[in-house]
Amino acid sequence: MNVKPSHLFYQGRERKPVLDQARGVYMWDVDGKRYLDGSSGAMVCNIGHSNENVLEAMRRQMEKSTFGYRLHFETEASEKLAAKTAALCPEGLNRVFFVSGGSEAVESAIKLARQYALAIGEGSRWKIISRAPSYHGCTLGALAITSYAPLTEAFAPLMQAMPKIPAPRAYLDGLDPEDEATGHHYADMLEAKILEEGRDSVLAFVVEPIGGASTGALVPPRGYMERVQEICRKYGVLFILDEVMTGAGRTGRFLASEHWNLAPDIVVMSKGFAAGYVPLGAMVAHERLVEPVLDAGGFLHGFTYAGNPLACAAGLAVIDEIERMDLVGNAARMGDQLQERLRGLMQRYAIIGDVRGKGLLTAFEFMADRGTKAPLPKSLRAFDRFVQIAYDKGLIVYARRTRDGIEGDHIIVAPPMIVTETHLDEITEMLDASLAEFTDEIRPALEQAV
Ligand SMILES: Cc1ncc(COP(=O)(O)O)c(C=O)c1O
């Protein structure tokens, strides 16, 4: 491992092995150790690493031009990717604004929504309702609609506080997620919040259709998504889907919103959209929103790298590969199998209190007691420790804490959409060995806690 001093800093002081190369679902460090990328990085590398067709498309674009500022030139790559993206989105969602990541995409959606309200004479609308917990990004606008205490608390004085409603965590509240009444119970909290805040002041509702890092692959209860859409329509509140993690096929549909045939006003994507080959994201808006904003003088927003031709050429090649290999279908098929295997592990390991997800966005949550849903003691830092145990065995998984980021450790298993059954066998074996080791390690602490 490289222990030389570093000029880099990110979250903390911890050092990691140095990456050498990555191919398909595997990655190797400079010491030759192999890792299976069981979380596609941070649910990013959906088509696997070092895909030759994507590299070739990037090479071709690089030889022509790597940068063309959007105020100086249109580019073929950005036009083609915008057309392709619009074709894959629900009807009417056909205006695309490119960005370099998920937070930028969320910021762009918030700002377009606000400018739309101004353009149509509804300037009283500015509040954006989102859910608690949720994760929409780390820039201040996106953070204001995020609810995850360890990331938000320090910056509260710098942000405009935005209203939140509880995420529909039926499994924690002891409600049946298959019962429509459960979905309506949580969705109706949106209506109550709109009325509490003042119906003319609410601009939008932003939601991850299937939860990401903050709720660990939370699938909404039956009837929830349809009902929140209906409530948004009723009060003229824009319905914005944050598909940064779920978009581009991960949940077994190109957009997770297709699971419920939703018709959002804006969708944002990033992560799997360019699958880690370049920094790229997209805000896709209904033409009904964009035209009034352009008529009123234009969208007052932009990033230097928006629509970068190299990024767009890579994004286009990624979508071509997703279609050529039917990776959306594979995500649905392999996702079912992966969840079945996780449920098998749940039968053998009492510390797994819940298994959930859709397609290849799956997770399990640790609990000290399945009956009471009590989380593991915070001090065990299970999310960190389990990830390290698996990493040492050569499996990369992703972990966070479900209960406002403070406790309730969940582990996300989200391998690239090119996985085969053989890869799933390998993942399951390494998870099994990691769970056995972790269970042994925490047994004394759990016994003491009883
Ligand atoms: C649902 C969701 N929205 C937004 C973001 C922010 O994306 P980025 O980290 O690319 O800025 C993320 C990142 O994890 C996410 O999962």
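Residues numbered from 1 in each chain as written. Predicted model: local features only at pLDDT ≥ 70, side-chain atom pairs only at ≥ 80, totals over all residues. Heavy atoms only, no water.

## Some points on the overall build of the protein
Operational definition: Going along the chain from the N terminus, every DSSP run of H or I of four or more residues is numbered as a helix, and every run of E of two or more is numbered as a strand. Radius of gyration: over C-alpha atoms. The globule rule applied is 2.2 Å multiplied by the number of residues raised to the 0.38 power. The cut-offs for exposure are 20% and 50% of the maximum accessible area for each residue type, with area from a 1.4 Å probe on protein chains only; residues under the lower value are buried, those over the upper are exposed, and the others partly exposed. The contact rule is simple, with two residues in contact once any of their heavy atoms fall within 4.5 Å. Each accessible area is a Shrake-Rupley estimate made with a 1.4 Å probe; only the visible protein chains count as cover when residues are assessed. The positive count covers Lys and Arg only, the negative count covers Asp and Glu only, and His and the chain ends enter neither. Charge placement uses NZ in Lys and CZ in Arg. For Asp and Glu, CG and CD serve respectively.
Scanning the protein from N- to C-terminus turns up 14 helices and 15 strands. In terms of C-alpha radius of gyration, the protein reaches 22 Å, essentially the compact-globule figure of 22 Å for 450 residues. Along the first, second and third principal axes, the C-alpha set of the protein runs to 65 × 55 × 45 Å. The proportion of buried residues among the 450 residues of the protein is 56%. At a minimum sequence separation of 6, the contacts of the protein that also span at least 24 residues come to 72%. Counting only carbon and sulfur atoms, one obtains 52% of the accessible surface of the protein, whose full area is about 19500 Å². Within the protein, the 59 negative side-chain charges are centred at a point lying 3 Å from the centre of the 48 positive side-chain charges.

## Quick word on unusual backbone geometry
Geometrically, the link from A132 to P133 is a cis peptide bond, its omega value of -5° lying close to zero. For P133, the location among the structural elements is in the loop between β5 (127-132) and α5 (140-144). With a phi close to 60°, M43 is a non-glycine residue in the positive phi region. Phi at D404 is positive, roughly 55°, even though this residue is not glycine. Tracing the sequence through the fold places D404 in the loop between β14 (398-403) and β15 (407-413). The class of D404 is partly exposed, set by a relative accessible area of 29%.

## A closer look at the pairing of β5
On a regular strand, each side chain points to the face opposite its neighbour's, so the side chains alternate between the two faces of the sheet. Which entries qualify depends on this criterion: Strands were regarded as paired on the criterion that DSSP finds at least two bridges between them.
Burial analysis of β5 places five of its six residues in the buried class, the great majority of the element. Bridge analysis of β5 against strand β7 (residues 202-207) gives three bridges, and the strand direction is parallel. For I129, the partnering residue across the bridge sits in β7 and is F205. The sheet contact formed by β5 and strand β6 (residues 164-166) spans three bridges and is parallel.

## Some thoughts on the domain arrangement of the protein
Accessible area lost upon the coming together of the parts is a frequently used measure of interface size. Just so we agree on the cut-off: Domain start and end points were adopted from an automatic or database domain assignment. As used here, buried area is the combined drop in accessible area, with a 1.4 Å probe, of two parts when they are placed together.
As assigned here, the protein comprises domain 1 (19-51 + 326-449) and domain 2 (52-324). A C-alpha centroid distance of 26 Å is found between domain 1 and domain 2. Counting residues at the interface gives 42 residues for domain 1, matched by 43 residues for domain 2. Roughly 3100 Å² is buried in total at the junction of domain 1 and domain 2, and carbon and sulfur atoms are behind 59% of that figure. Of all residues in domain 1, the largest losses of buried area upon contact with domain 2 belong to N51, K358 and L361, amounting jointly to 22% of the total for that side.

## A few points about the packing of aromatic side chains
Note the following rule: Pairing of aromatic side chains here covers Phe, Tyr and the six-membered ring of Trp, requires ring centres within 6.5 Å, and sorts the geometry by plane angle: under 30 degrees stacked, over 60 edge-to-face, intermediate tilted. The rule is short: NZ of Lys or CZ of Arg within 6 Å of the ring centre and within 35 degrees of the ring normal puts a charge over the ring.
Here the structure, examined in full by the defined rule, presents eleven aromatic pairs. Ring centres 5.5 Å apart and planes at 70° place the aromatic pair F366 and F386 in the edge-to-face group. One end of the pair, F366, is in strand β12 (residues 361-366); the other, F386, is in helix α13 (residues 382-392), and 20 residues separate them in sequence. Joined through ring pairs, the aromatic side chains of F364, F366, F386 and F438 make up one cluster. Positioned above the aromatic ring of Y391, the side-chain terminus of K16 is 5.1 Å from the ring centre.

## Structural notes on the site of the ligand
This is how it is decided: Note on definitions. A residue lies near a molecule or strand when any single heavy atom of the residue is within 4 Å of it. Polar contacts, as counted here, are pairs of nitrogen or oxygen atoms within 3.5 Å of one another; within protein the pair requires one atom able to donate a hydrogen and one able to accept it, and residues that are adjacent in sequence qualify only if both atoms are side-chain atoms. Residue classes follow a fixed rule: Ala, Val, Leu, Ile, Met, Phe, Trp, Tyr, Cys and Pro count as nonpolar, while Asp, Glu, Lys and Arg count as charged, and any other residue, Gly among them, counts as polar.
Near the ligand you find G101, G102, S103, Y135, H136, G137, E208, D242, V244, M245 and K271, and these make up its full shell. One of the backbone nitrogen or oxygen atoms of G102 is found 2.8 Å away from an oxygen atom of the ligand. Here a nitrogen atom of the ligand and a side-chain polar atom of D242 are 2.7 Å apart. Relative to its free-state accessible area of 390 Å², the ligand is covered by the protein chains to the extent of 82%. Among the residues forming the shell around the ligand, the class breakdown is three nonpolar, five polar and three charged.

## Some details on the nonpolar core
Taken as a class, soluble globular proteins show a tendency for nonpolar side chains to be buried jointly. Definition in use: What makes a nonpolar core is a set of buried Ala, Val, Leu, Ile, Met, Phe, Trp, Tyr and Cys residues whose side-chain atoms join them at distances within 4.5 Å.
With 104 residues, the main nonpolar core has F205, F364, F366 and L431 as its most contacted residues. When residues in this core are grouped by element, the largest group, ten residues, is from helix α11 (residues 309-324). When residues of this core are assigned to domains, at least three map to each of domain 1 (19-51 + 326-449) and domain 2 (52-324).

## Some thoughts on α13
For α13, the complete set of buried residues consists of A382, F383, F386, I389, A390 and Y391. If you follow the buried residues of α13, they end up packed against β3 (34-37), β12, β13 (395-396), β14, β15 and α14 (421-449). G394 occupies a position one or two residues after α13 and carries a positive phi of about 95°.

## Topic: the sheet that holds β13
Put simply, the rule reads: Here an axis means a line fitted to C-alpha atoms, over the contact stretch when the element is a helix, while the angle between two N-to-C directions is reported on a 0 to 180 degree scale.
Strand order in the open sheet formed by four strands is β1-β2-β3-β13, and the pairing between neighbours is mixed. Strand pairing shows two members of the sheet lacking a second neighbour, β1 (19-23) and β13, which therefore form its edges. In terms of strand pairing, β3 meets β13 through two bridges, oriented parallel. Residue pairing across strands places D37 opposite I396, the latter belonging to β13. In the packing of α14 onto the sheet, the strands contacted are β2 (26-29), β3 and β13, and the crossing angle to β3 comes to about 105°.

## Some thoughts on the pairing of β2
Bridging between β1 and β2 involves four bridges; their strand directions are antiparallel. Within β2, the position partnered with A22 by the bridge is M27. Between the antiparallel neighbours β1 and β2 lie two residues, among them G24 with a positive phi of about 60°. Relative to β3, β2 is paired through three bridges, and the arrangement is antiparallel. Pairing of M27 across the sheet is with Y35, part of β3. Connecting β2 to the next strand, β3, in antiparallel fashion are four residues, including G32 with a positive phi near 90°.

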